[in-house]
Amino acid sequence: MSAKDKSGRSATSVTDQEALDFHSQGRPGKLEISPTKPMATQRDLSLAYSPGVAVPVKAIAANPATAYDYTTRGNMVAVISNGTAILGLGNLGALASKPVMEGKSVLFKRFADVDSIDLEVDTEDADEFINCVRFLGPSFGGINLEDIKAPECFIIEQKLREIMDIPVFHDDQHGTAIIATAGLINALQLTGRDLKTTRLVCNGAGAAAIACVELIKSMGFAPENIIMCDTKGVIYQGRTEGMNQWKSAHAVKTDRRTLEDAMDGADVVLGLSQKGAFSEAMIRSMAEKPIIFAMANPDPEITPEEVSAIRDDAIMATGRSDYPNQVNNVLCFPYMFRGALDVHASTINEAMKIAAAEALANLAKEDVPDDVAAAYQGNRPRFGPQYIIPVPFDPRLISSIPVAVAKAAMESGVARKTLPDLAAYGRQLSARRDPIASTLQRIYERVRRQPKRIVFAEGEEVQMMRSALAYVNQELGTALLLGREQQMREMADREGIDLDRPGIQIVNARISKRTGAYTDYLYARLQRKGYLYRDAQRLINNDRNHFAACMVALGDADGMVTGITRNYSTALEDVRRCIDPKPGHRVIGVSLALCRGRTVLVADTAVHDMPSAEELADIAEEAAGLARRLGYFPRVAMLAYSTFGHPSGERSERVREAVNILDRRRVDFEYDGEMGADVALNARVMEQYPFCRLSGTANVLVMPAFHSASISTKMLQELGGSTVIGPLLVGLDKSVQIVSMAAKDSDIVNMAALAAHNAGS
Ligand SMILES: NC(=O)C1=CN([C@@H]2O[C@H](COP(=O)(O)OP(=O)(O)OC[C@H]3O[C@@H](n4cnc5c(N)ncnc54)[C@H](OP(=O)(O)O)[C@@H]3O)[C@@H](O)[C@H]2O)C=CC1
Ligand SMILES: CC(=O)C(=O)O
Ligand SMILES: [Mg+2]
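Keep in mind that this is a model prediction, so the values were computed, not measured.

What follows concerns unusual backbone geometry. Cis geometry is found at the peptide bond from Ser50 to Pro51, where omega equals 10 degrees. Following the sequence through the fold, Pro51 ends up in the loop between helix H2 (42–48) and helix H3 (54–62). Put simply, Ala603 and Asp604 share a cis peptide bond, and its omega is -10 degrees. Among the secondary structure elements, Asp604 is positioned in the loop between strand E16 (598–603) and helix H26 (613–629). For Asp113, which is not glycine, the phi dihedral falls at a positive 55 degrees. Notably, Asp147 is not glycine yet its phi reads approximately 50 degrees, a positive angle.

What follows covers the sheet that holds strand E19 (residues 700–702). Read across the sheet, six strands follow the order E18-E17-E19-E16-E15-E20 without closing on themselves; strand pairing throughout is mixed. Edge positions in the open sheet fall to strand E18 (670–675) and strand E20 (723–730), since each of these has one partner strand only. Averaged over all adjacent pairs, the angle separating strand axes in this sheet is 25 degrees, with direction ignored. Two strands pair when backbone bridges link them, and strand E17 (residues 635–639) and E18 are joined in this way by five bridges, in the parallel orientation.

A word on the nonpolar core. Judged by nonpolar contacts, the single largest core of 102 residues is most densely connected at Ile143, Phe293 and Met352. Looking at which domains feed residues into this core, each of domain 2 (45–166) and domain 3 (174–433) supplies at least three. For Ile143, the contacting residues outside a window of four places in its chain are Ala78, Ile80, Val133, Met164, Ile166, Pro167, Val168, Phe169 and Phe337. Core analysis: the next-biggest nonpolar cluster, separate from the first, contains 67 residues, Ala613, Leu626, Val667 and Val739 among them.

What counts as what
Residues numbered from 1 in each chain as written. Chains lettered and ligands numbered in written order. Predicted model: local features only at pLDDT ≥ 70, side-chain atom pairs only at ≥ 80, totals over all residues. Heavy atoms only, no water. Helix = DSSP H or I, 4+ residues; strand = E, 2+ residues; numbered from the N terminus. Pairing = 2+ DSSP bridges. Axes fitted to C-alpha atoms, helices over the stretch in contact; angles between N-to-C directions. Core = buried A, V, L, I, M, F, W, Y, C linked by side-chain atoms within 4.5 Å. Buried < 20%, exposed > 50% of the residue type's maximum accessible area, 1.4 Å probe, protein only. Domains from an automatic or database assignment. Contact = heavy atoms within 4.5 Å.

Purely geometric stuff here, so don't read any function into it on its own.
Pasting the structure below:
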């Protein structure tokens with residue numbers, strides 16, 4: 001199975017059911033709001049609310065600029081829509097637009113650490129809409145208008161820009177225009193074209209299309225070389241049907257009347273219209289090395305498969321993430337607002353848009369460093385027809401685009417705050433991205449390059465079936481579902497799960513031809529531990545964890561995931577009966593705790609109850625190794641209740657001795673201790689120990705005992721709002737992951753992907 005087909009399509013397609021489940025599981029929707037200040041004591045209440053809150057109120061009344069210091073305004077953007085042009089789905093109303101708007105808000109946070117809330121305004125009347133939004137200015141640092149149809153969007157945006165003193169940015173217009181222009185600059189360069197003589201057709205004359213054509217013209221395209229089309233065909237001078245002032249501004253003198261006529265001999269076509277609008281004949285009639293941006297969402301005007309079936313000289317882009325060259329405004333709006341907010345910009349002007357387009361275009365030409373390569377679907381892309389624009393997961397976007405935007409805002413006089421050191425600003429921006437999201441993305445991409453056979457041991461459980469399907473749908477490899485076929489099929493039918501999807505295999509232990517081999521293998525391992533042959537036989541016949549682990553041990557599967565029907569330690573015992581530690585390694589559990597853009601690995605959260613000093617040193621080595629494999633530079637803190645000898649105590653001595661052992665082993669990673677968690681995680685506290693050998697706050701925490709590891713990760717999850725992944729099993733000779741009994745589908749798929757990833761390392 002390959003991760004990409006001929007058109008370069010990668011494997012991120014999802015089923016309708018998966019999309020619905022994703023949105024409905026847990027807390028419905030994709031967003032929640034959480035406080036940033038403690039609200040625990042009477043004092044907190046007095047500060048946050050009456051009487052303390054009166055102080056910032058008066059300060060803001062006296063000087064409105066201080067709202068950026070005392071409230072969320074400076075990092076808060078509203079995503080506002082009336083749902084009249086939801087993606088390319090048309091006018092489905094304000095309520096139906098909510099999933100897209102929540103999605104945009106989440107992308108703001110994920111990609112640029114901008115807080116955002118969606119507001120759906122239930123009117124199609126431009127004046128009513130303007131009246132609703134115009135009074136919201138004090139709440140936000142910026143307004144991102146979304147999926148509002150033309151021509152009302154032009155009136156709405158223009159009016160709001162005039163009356164509001166914060167950036168108002170219609171993403172479908174300008175976000176799209178910036179990305180399309182960046183991609184086009186690069187595609188023109190690759191095909192050796194001069195923008196002054198290039199002939200371009202833009203299909204669609206709505207929000208996105210008009211803005212694209214305007215920005216392209218401002219970059220130097222000749223107006224007479226651009227033909228726009230809409231549902232009525234070519235927009236020519238003198239046309240009266242279906243016109244408005246924004247279309248008229250781009251009407252050209254031409255005899256061409258249809259999209260077919262317009263595309264004949266054209267160098268470039270931009271699709272900002274609807275699914276399937278381009279025919280094969282139209283694409284055939286274009287000039288040599290045509291540039292085709294089919295940007296309608298969710299389905300493009302023509303697919304890359306259709307184009308590659310008829311021509312092999314095209315540069316092709318779509319708005320989707322599962323093909324190369326994703327020309328989508330997600331590459332722009334988070335970073336545009338990041339830069340604008342950070343200089344308290346009063347507006348987003350042409351200079352800022354052009355700066356963003358140029359920065360994006362230039363980024364695609366830069367060499368891709370190692371830590372970035374993994375974001376690129378497993379390949380190190382080189383500037384060329386399949387790579388004209390960075391992908392949304394490129395971690396360099398956050399540190400380059402906002403810098404260009406902020407600089408342009410300062411130079412063009414719309415910044416109300418000056419950033420004196422842009423290089424330092426760039427470095428601060430890098431720290432804002434969420435490292436685990438990139439890490440998981442990287443893991444998925446690596447697995448797609450080398451798909452693996454993972455056995456889902458509890459195959460009769462509905463979560464396991466769903467996870468197996470998702471595993472296969474994401475082209476991570478083959479899912480081997482262990483269980484009784486009839487029971488599984490009945491359950492799958494009831495739940496609407498397609499078990500006949502290529503890539504899913506049902507393995508029935510009772511009728512498997514491998515039962516004998518597994519029993520022999522297990523008996524050979526257990527015969528001197530009090531087990532008879534028939535005991536081994538019973539374990540293989542009746543226990544899915546033993547059967548699955550033997551499949552992995554004997555090479556019939558590459559990895560295994562289990563855990564929802566049996567507690568962690570029981571499942572681990574089952575597995576350990578069949579699989580040994582990797583020679584020279586120790587089996588441990590490592591949890592990944594993700595909180596506020598920071599990821600720490602915590603060990604050992606699964607195996608050692610009260611580790612000795614020697615064992616603690618082993619745990620540090622295993623955890624540092626995992627950190628490295630996940631792409632981190634390990635900085636290991638050996639935690640205790642004391643810090644560097646104070647207060648002294650027997651338990652801390654064990655941790656200190658572990659540090660000495662690591663010294664003697666001359667390990668090749670940073671470590672120090674013993675230290676408290678505050679010293680390990682807080683740079684200011686760590687400064688009080690200038691001799692500490694860690695070059696920054698720790699990203700690997702070795703806990704002194706299982707109970708402290710377990711208690712602290714669970715507290716982080718329940719009280720600290722952290723996401724905790726794992727424990728990941730490390731150190732086994734074969735790849736096995738055990739999920740918690742409460743695991744959701746998405747947790748299981750992540751663990752299956754991690755099992756597949758480890759099977760390859
Ligand atoms: N990749 C990206 O980042 C983005 C993609 N888009 C996509 O662009 C498309 C348009 O969005 P938007 O501009 O916001 O919507 P609008 O409703 O503002 O505009 C739609 C335009 O498309 C035209 N149109 C519709 N169907 C056809 C067709 N078959 N042939 C020619 N023209 C057609 C309409 O013509 P008429 O004027 O005659 O009604 C109208 O001019 C959507 O598919 C959207 O998903 C939008 C923003 C970003
Ligand atoms: C991507 C986007 O904003 C759209 O298709 O409307
Ligand atoms: Mg949109």
